[in-house]
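Survey of secondary and tertiary structure
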Amino acid sequence: MGCLCCGAGTEVGALCRACAQEVAPCDGLIPDHVRSTVATTDADAWVVDGFGVAHAVGAKSTIGRSQEGELVVLAASVSREHAELKRADAGWQLRDLGSRNGTFVDSTRCQGRVPLPQRAIIKVGDVALWFLAEVVHEPIAPPSMATGSAGGGLVRFMIMRPDSELCIVGGGDTAAGGALLSRPTGSVSWAEKALPPLEFQLLRALCTRATEESDSPAAVRGCVGTKQLARDLPFQSKYANEENVRQVVRRLRGALAEVGADGVLAVVPGRGYYLTSTVTVAGTDRR
């Protein structure tokens, strides 16, 4: 089977090297940061990322960081609800949804609804993708990705502070712990601290919500409710309550204090917890 775009021999996933270069991944993007929630059997069209992975899109699909959209793109330059793909009677169209960094079709910024040719390069923020209304052969189903929730997926977030950087790294086991890496700003060496499962999954959930709501105008962004954390964190008891969550919060605050990150984890009384520093999705192992 050849390149999905041009039919030439494949070298980068489902793409030839030339077509892959046209949509080369932006800095910090990894394959697990792009996924479709549309089943391949329901595909009305396809988008292909710079890793050569094809993602199904439906007749109306939202692109953005929101886990509730049809095409989830976890990149800092992409808004929560960034753009919308839609098939109309006259053909496919793309519309920007008021994103911060714009939506482009073949290097032209979208103003209102823009017609999409059968084969076009769309760009949301810094992330470029091939749009294919038709493909030369049925794409191989991409591997599933569960990044971005308190349960499942590759996890790698950066927390930026005025005097230091933190990197949260973990795997896909929803009951497993992870690592908290830290270093002073400007340093090239990381110190590593292991986080037990509950503390890691709490920090993971807060980082995920922070990236999803990074463009929210609210004074407090990325807040996760205490009751939700009681439901979602991997407590051994199914009857975990808000006091159990508070105990985990205290332990996580202690771990953050040990690496000089006091004040990163804050509370909204009666509502939940959030991170006070900027959080981004990281794309490379920084250890």
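Above this note sits the structure.
As a starting point, this report considers the structure included with it. The numbers attached to residues start from 1 for each chain and follow its sequence in the written order. Confidence filtering applies because this is a predicted model: local features only for residues at pLDDT of at least 70, side-chain atom pairs given and counted only at 80 or more, and all residues used for totals across whole chains, interfaces and linings. Side-chain numbers come from the whole structure's heavy atoms, not from hydrogens or water.

To qualify as a helix, a DSSP run of H or I must reach at least 4 residues; to qualify as a strand, a run of E must reach at least 2; elements of each kind are numbered from the N terminus. Tallying secondary structure elements over the protein gives four helices and 20 strands in all. For the protein, the spread of C-alpha atoms along the three principal axes comes to 55 × 40 × 35 Å. In this scheme, a residue with accessible area under 20% of its type's maximum is buried, one over 50% is exposed, and one in between is partly exposed, where area comes from a 1.4 Å probe on protein chains only. Counting across all 287 residues of the protein, residues that qualify as buried make up 49%. Throughout, a residue-residue contact means that at least one pair of heavy atoms, one from each residue, lies within 4.5 Å. Across the protein, contacts joining residues at least 24 apart in sequence account for 50% of those joining residues at least 6 apart. Positive charges are assigned to Lys and Arg, negative charges to Asp and Glu, while His and the chain termini are left out of the count. Note that the charge is assigned to NZ on lysines, CZ on arginines, CG on aspartates and CD on glutamates. Each charge class in the protein can be summarised by its mean position, and for the 30 positive and 31 negative side chains these summaries are 6 Å apart.

This part takes up the nonpolar core. To form a nonpolar core, buried Ala, Val, Leu, Ile, Met, Phe, Trp, Tyr and Cys residues must be joined to one another through side-chain atoms within 4.5 Å. Within the largest apolar cluster, 35 residues are counted, with the highest numbers of intra-cluster contacts made by I159, L203 and L275. Residue contributions to this core peak at eight residues, all from helix α2 (residues 197-212). Ignoring anything within four residues of it in the chain, the contact list for I159 reads S164, E165, L166, I168, L203, C207, V264, L275, S277, T278 and V279.

To continue, consider the sheet that holds strand β12 (residues 127-132). Here we have six strands laid out as an open sheet, ordered β3-β2-β12-β11-β8-β9, and antiparallel in their pairing. The open sheet has two edge strands, β3 (54-57) and β9 (108-109), and neither has a second partner. For two strands to be treated as a pair, DSSP must find no fewer than two bridges joining them. Here strand β8 (residues 103-105) runs beside β9; their pairing, made up of two bridges, is antiparallel. By the bridge assignment for β9, V105 is matched with T108.

Within the open sheet, the six strands sit side by side as β1-β5-β4-β6-β7-β10. Their pairing is mixed. Each having just a single partner strand, β1 (34-36) and β10 (113-115) make up the two edges of the open sheet. Averaged over neighbouring strand pairs, the angle between their axes works out to 20 degrees when direction is ignored. Two elements, β1 and strand β5 (residues 71-73), share three bridges in a ladder whose sense is antiparallel. Paired with V34 across the bridge in β5 is V73. Where helices are involved, their axes are fitted lines through C-alpha atoms of the stretch in contact, as for all axes, and angles between N-to-C directions lie from 0 to 180°.

A separate point is the state of the cysteines. A covalent bond between the sulfur atoms of two cysteines is referred to as a disulfide. Cysteine sulfur atoms are paired as a disulfide whenever they come within 2.5 Å of each other. The full count for this structure, using the stated rule, is zero disulfides. As a non-bridged cysteine, C26 has C167 as the owner of its nearest cysteine sulfur, 17 Å distant. No disulfide involves C207; its nearest neighbouring cysteine sulfur is the one of C167, lying 9.5 Å away.

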